[in-house]
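Spelled out, the chains give:
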Amino acid sequence: MALYFDPFRELDRLTATMFDGRSGPRFVPMDLSRDGDHYVLNADMPGVDPGSIDIDVEGSLLTIRAHRTLSTSENAKWLSQERPSGTFVRQLNLGEGIDADKITADYENGVLSVVLPVSERAKPRRIPITGSTAPERVAVTTGADHTTGAA
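Keep in mind the model is a prediction, meaning the values are calculated, not measured.

**Q** Quick question: what am I supposed to make of the overall build of the protein here?
**A** From N to C terminus, the protein includes one helix and 11 strands. Sequence-ordered secondary structure for the protein, helices as α and strands as β, is α-β-β-β-β-β-β-β-β-β-β-β. Here the protein holds 151 residues, and the buried ones make up 23% of them. A total of about 10900 Å² of accessible surface is found on the protein, and carbon and sulfur atoms cover 51% of it.

Rendered as structure tokens:
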């Protein structure tokens, strides 16, 4: 069995382990897009037990937590260990334009999808203008496009 050995990658891994010293939560990579009247957050969480995923909203802060445990036998001797295990955390500042009561989530094929609906008060709406000199067809569109900010 041929093993590929890259000394530079191993050196990077060793230095990261020695100087980073991260024993706390790890970062969750994600994509965030807007689709009509809601935002869609997709976070990569391969190998995470769905029962360990916790999503909560406190004020305008959305927090995603999950845990991955690597399973091996006691007699296993590691040749390479690149997949991180432990707790993963990601936090987002939702801003005022998100309806926190209607947030939904789904976990499939290692990807957590969170749908963040835009609140009714943040959606654009037309306001009719009244008055004796104002033409009937003139209206003003209001509503701000509140975006979420990733932390």
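We are not done yet, so read on.
**Q** What is the right way to look at the confidence of the model for the protein in this model?
**A** Reading fine detail from the predicted coordinates is not recommended where pLDDT is low. Of all residues in the protein, 70% attain a pLDDT of 70 or more, and the chain-wide mean is 79. By mean pLDDT, strand 11 (residues 149–150) is the weakest element of the protein at 52, and strand 7 (residues 104–108) is the strongest at 96.

**Q** Honestly, the side chain of Asp99 in this entry has me stumped. Any pointers?
**A** Along the chain, Asp99 falls in the loop between strand 6 (86–93) and strand 7. Among the residues examined, Asp99 registers a relative accessible area of 19% and is labelled buried. Dropping the residues within four chain positions of it, Asp99 is found in contact with Pro117, Val118 and Ser119.

**Q** In this structure, what is going on with the pairing of strand 5 (residues 61–68)? I would like to understand it.
**A** Two faces make up the sheet, and in a regular strand the side chains alternate between them. Sheet analysis places strand 4 (residues 54–58) next to strand 5, joined by five bridges and oriented antiparallel. Across the sheet, Ile55 pairs through a bridge with Ile64, a residue of strand 5. Linking two consecutive strands that pair antiparallel, namely strand 4 and strand 5, is a turn of two residues; a positive phi of about 65° is found at Gly59 within it. Inspection of the sheet shows strand 5 paired to strand 6 by eight bridges, in the antiparallel sense. Paired with Arg65 across the bridge in strand 6 is Val89.

**Q** What should I look at first to understand the environment of Ala105 in this one?
**A** Tracing the backbone through its elements, the reader meets Ala105 in strand 7. Spatially, the C-alpha atom of Ala105 lies 9.2 Å from that of Leu41, the residues being 64 residues apart in sequence. The residues touching Ala105, leaving out its near neighbours within four places in the chain, are Ile55, Leu112, Ser113 and Val114.

**Q** I'm lost on the nonpolar core in this one. Help?
**A** Within soluble globular proteins, side chains that are nonpolar generally end up buried alongside one another. If you look at the biggest cluster of nonpolar residues, it comprises 20 residues, and the most contacted ones within it are Leu41, Met45, Ile64, Leu112, Val114 and Leu116. Going through the elements one at a time, strand 3 (38–44), strand 5, strand 6 and strand 8 (111–117) are the ones with two or more residues in this core.

**Q** How should unusual backbone geometry be read in this particular structure?
**A** Excluding glycine, a negative phi dihedral is what most residues carry, and trans is how most peptide bonds are arranged. For Asn109, which is not a glycine, the phi torsion comes out positive at approximately 55°. Of the residues examined, Asn109 reaches a relative accessible area of 76% and is grouped as exposed.

What counts as what
Residues numbered from 1 in each chain as written. Predicted model: local features only at pLDDT ≥ 70, side-chain atom pairs only at ≥ 80, totals over all residues. Heavy atoms only, no water. Helix = DSSP H or I, 4+ residues; strand = E, 2+ residues; numbered from the N terminus. Buried < 20%, exposed > 50% of the residue type's maximum accessible area, 1.4 Å probe, protein only. Areas by Shrake-Rupley, 256 points an atom, 1.4 Å probe, with all protein chains shown as cover. pLDDT = per-residue confidence, 0-100. Contact = heavy atoms within 4.5 Å. Pairing = 2+ DSSP bridges. Core = buried A, V, L, I, M, F, W, Y, C linked by side-chain atoms within 4.5 Å.

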